[in-house]
Structures are given as structure tokens and as C-alpha cells.
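# Chain and residue survey
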Amino acid sequence: MNLLQKIGTGILDFLSFLPYFKGKGLIALQTLRIFGRSQPLTMRLPNGSRIWVGNDHAGHAVLPYCIGKYEREFTLLFLRFLNRLGPGDSVVDLGANVGYYSVMAAWHLRRFPKSWVFAFEPNPQAFSYLVQNKELNCLSNLVVFQQAIGDQEGRIKLYINPGGITFGSLQPYLAHLTQVCEVSMSTLDKLLQQYPDTRIALIKMDIEGAELFALRGAVEILNTFRPVIFYEENEAACAAFGYNVKDLRNFLRELGYRFEFMKPSDVQNVIAIPEGS
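Let me begin by describing the structure that accompanies this report.

Here is what the cut-offs are and how they apply
Residues numbered from 1 in each chain as written. Predicted model: local features only at pLDDT ≥ 70, side-chain atom pairs only at ≥ 80, totals over all residues. Heavy atoms only, no water. Buried < 20%, exposed > 50% of the residue type's maximum accessible area, 1.4 Å probe, protein only. Helix = DSSP H or I, 4+ residues; strand = E, 2+ residues; numbered from the N terminus. Arc of directions from axis to C-beta. Contact = heavy atoms within 4.5 Å. Polar contact = N/O pair within 3.5 Å; in protein donor to acceptor, adjacent residues only side chain to side chain. Pairing = 2+ DSSP bridges. Disulfide = S-S within 2.5 Å. Core = buried A, V, L, I, M, F, W, Y, C linked by side-chain atoms within 4.5 Å. Axes fitted to C-alpha atoms, helices over the stretch in contact; angles between N-to-C directions. Salt bridge = Lys/Arg side-chain N within 4 Å of Asp/Glu carboxyl O. Phe/Tyr/Trp six-rings, centres within 6.5 Å; stacked < 30°, edge-to-face > 60°. Lys NZ or Arg CZ within 6 Å of the ring centre and 35° of its normal.

For helix α11 (residues 245-254), the full list of buried residues reads Val245, Leu248, Phe251 and Leu252. On an axial view of α11, the arc spanned by its buried residues comes to 125°, and they lie on one face. For α11, the exposed residues set more than 90 degrees away from the buried face come down to Lys246 and Glu254. Check the buried side of α11 and you find it contacts α8 (211-216), α9 (219-225), β10 (228-233), α10 (235-240), β11 (257-261) and β12 (268-274). Regarding α11, its N-cap is Asn244, as a side-chain oxygen of that residue lies 3.1 Å from the backbone nitrogen of Lys246 further along.

What follows deals with the sheet that holds strand β7 (residues 154-160). Here three strands make up an open sheet; going across it, the order is β6-β8-β7 and the pairing mixed. The sheet terminates laterally at β6 (148-149) and β7, the two strands that pair on one side only. Both β7 and strand β8 (residues 179-186) contribute to a ladder of seven bridges, which runs antiparallel. Each bridged residue has a counterpart across the sheet, and for Gly154 the counterpart in β8 is Met185.

A word on the side chain of Asn123. Structurally, Asn123 can be placed in the loop between β4 (117-120) and α6 (124-136). Using a relative accessible area of 4% as the deciding quantity, one classes Asn123 as buried. From its side chain, Asn123 meets the backbone nitrogen of Gln125 in a polar contact 3.0 Å long. With residues near it in sequence (within four places) discarded, Asn123 still touches Leu158, Ile160, Gly164 and Ile165.

Below, the discussion takes up the state of the cysteines. Tallying each qualifying case throughout the model produces zero disulfides. Unpaired in this structure, Cys138 has its nearest cysteine sulfur neighbour in Cys66, at a distance of 18 Å.

We now examine the nonpolar core. Membership of the largest hydrophobic core comes to 50 residues, with the highest contact counts inside it found for Ile51, Leu82, Val91, Leu202, Phe230 and Ile271. Ranked by residue count, the leading element in this core is helix α5 (residues 100-109), at seven residues. Other than its neighbours up to four places away in sequence, Leu82 contacts Val91, Met104, Ala105, His108 and Leu202.

As a further point, take the sheet that holds β4. With mixed pairing, the seven strands of this open sheet are ordered in space as β5-β4-β3-β9-β10-β12-β11. Looking at which strands have only one partner, the edges of the open sheet turn out to be β5 (142-145) and β11. Neighbour-to-neighbour, the strand axes of the sheet open up by a mean angle of 20°, direction not taken into account. Two elements, strand β3 (residues 89-94) and β4, share four bridges in a ladder whose sense is parallel.

On to α5, then. When you tally the buried positions in α5, you get nine out of 10 residues, the bulk of the element. Among the residues making up α5, those that are buried are Tyr100, Tyr101, Ser102, Val103, Met104, Ala105, Ala106, His108 and Leu109.

This part is about the pairing of β10. In terms of residue burial, β10 counts as a mostly covered element, since six of its six residues are buried. Here three bridges tie strand β9 (residues 199-205) to β10, and the two strands are oriented parallel to one another. The residue bridging Leu202 from the neighbouring strand is Val228, located in β10. Judged from the five bridges that link them, β10 and β12 form a sheet pairing that is antiparallel. Across the sheet, residue Glu233 finds its bridge partner in β12, namely Gln268.

A pair can form between side chains of opposite charge whenever their charged atoms are brought close. All chains considered together, the criterion is met by six salt bridges. Lys204 is paired through a salt bridge with Asp93; the nearest N and O atoms lie 2.8 Å apart. Taken together, the residues Lys204 in strand β9 and Asp93 in strand β3 connect sequence positions 111 residues apart. By relative accessible area, which is 4% here, Lys204 ends up buried. The class for Asp93 is buried, based on a relative accessible area of 2%. Between Glu233 and Arg249 there is a salt bridge, and its shortest N-O distance comes to 2.7 Å. Of this pair, Glu233 sits in strand β10 while Arg249 sits in helix α11; the two residues are 16 residues apart in sequence, bridging distant segments of the chain. The exposure class assigned to Glu233 is buried, which follows from its relative accessible area of 6%. On the basis of relative accessibility, which here comes to 23%, the residue Arg249 falls in the partly exposed class.

Right, let's talk about the packing of aromatic side chains for a bit. Applying the stated rule across the entire model yields 14 aromatic pairs. When the ring of Phe78 is compared with that of Tyr101, the centres are 5.0 Å apart and the planes differ by 70°; the resulting orientation is edge-to-face. With Phe78 in helix α4 (residues 72-82) and Tyr101 in helix α5, the pair connects residues that are 23 residues apart, well separated along the chain. Both residues of the pair, Phe78 and Tyr101, count as buried. Ring plane angle 75° and centroid distance 5.9 Å describe the contact between Phe213 and Tyr243, whose orientation is recorded as edge-to-face. Of this pair, Phe213 sits in helix α8 while Tyr243 is found in the loop between α10 and α11, placing the two residues 30 residues apart along the sequence. What links up through ring pairs into an aromatic cluster is the set Tyr65, Tyr70, Phe74, Phe78, Phe81, Tyr100, Tyr101 and Phe230. The ring of Phe81 has Arg84 lying over it, and the distance from NZ or CZ to the ring centre is 4.4 Å.

None of this, on its own, says anything about what the molecule does.
This is how it looks when you write it as C-alpha cells:
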């Protein structure tokens, strides 16, 4: 790491310890532009793990999460549930993107035997950053898959934003999802059969409308391990797949889940918790 990178990383780390305030994003962005113009910087995440942040679309997309502007409540609650996990507990991250949540989860679980984080990201560009962030933190317990998750196996079209790493979906429900690539798809139950000693304790999903299909392909895991599920409800994204948010909730209710709702924003973030927990 050269001198400019060290200075920029130091500024970003200092910002990471501060609560969000108006102007924090501008300071972080200017730091990226000045000190990260030739090489990416790294930034501390809330639990001490780190993530690459470059002066490019990917860096600009992840920066608001790192400074606490986006998904602040989601992050705090995710870390709270993560801190309840112990030896043998594992996490699944569907729609891992560059690894913001996957890296924090694997960092927490790295000291426990037989505890894994399984991160799924079909977008090739986002997956590349996910791999880099795994290597940055030396996380041998983070298992990454460049794969979509659903209720069947095969090949499927992924619609992505050609200018960046966000909002990829298996349905083109947003106007800017104009680039198409073909990706592999499987079910969670099928893929995790190769890890028979794994106990799935927590699932996080952000897969732009494919949530119901992913859950249908994970019924064995849901019935066996009763994991807590963090997910978002996006009515427009669900509609593109031919169902609605009520269908998603009913599916989980039938499996014995109750719901805790975070403060509404553009979408409704939800925690599905097994009854009796």
C-alpha cells in the first residue's frame, strides 16, 4: 500500500468510527477521489473487518453502507443476531454483492470450528469484488458461489446494470437492467448437501424479487435448522416474478415464522423469526 492509500484509508477508518452526519458522505467521496484515484482504498466495517473501496461505480455504490447512510438499522440488527451465533452455526448470504454482509459474518465466525458463510452472487463484476474482499480479510470460512439460487436447477438469464454492480435480477423489472448474461442456478438444499455437518442459523436475502423461489428451494434447510431470515419486501420486484409480498409472508407463516419489521424506506426490510424463538 503506497503513501496516498495509507492516508486515504486512515481517513476512511476515522470516518467509520463516527455516527452518520450530514456531509459525511461528501468527505468520504472526496477522500476516495483524492487518495484512491490510482489504487483502491480499504475501509473498516462496523465489526472490524475490511472492504475494498475504489473510486469507481462499485466503490461509490458500497460507500454509503460503509459510512452508515444506507441500511443502518438492517446492519445493526444483522450484527446483533450475528453475535448470538456460536460454534457450528453458519450463515447464508443470497445476493452477496461485493460482500458487505458476508465479510462481517465470516469475520465474526472465523474463530469457531465448522462455522461457515456461504455467499451467492451471480453478477460477474460483483462476484469479482466479493472474491477480493474475501482475500483481503483472509477468510477461509467464506465460501463463495457465482450462482443464482431458486427452486430448480439449470441455466437462467440474469439482467444487470451495465454501468455497475447493483440491482441485478432474474427479471428485467427496472429500466436500467439492460445487459443480459446467462448464469447457473441451483437450490440451496441441493448445494449445501456437500456440507452435511453445517447448521444454518441465519439467512440474509437481497435478490430483487426471487425470494419466494429461493425459499421454496430451501424448505429442507428451513424445516431442519429454523434459521432467522433477513430479507426485503419489494412489491414491484415480486410482481415481476408473478407473486406478491402477501404470498411471501404466507409461505413463511406456513413454515412457522413470525415477522419483525424495520422502519419502512423504499422497500420494507423484515426479519422472519421461527415461532418459539
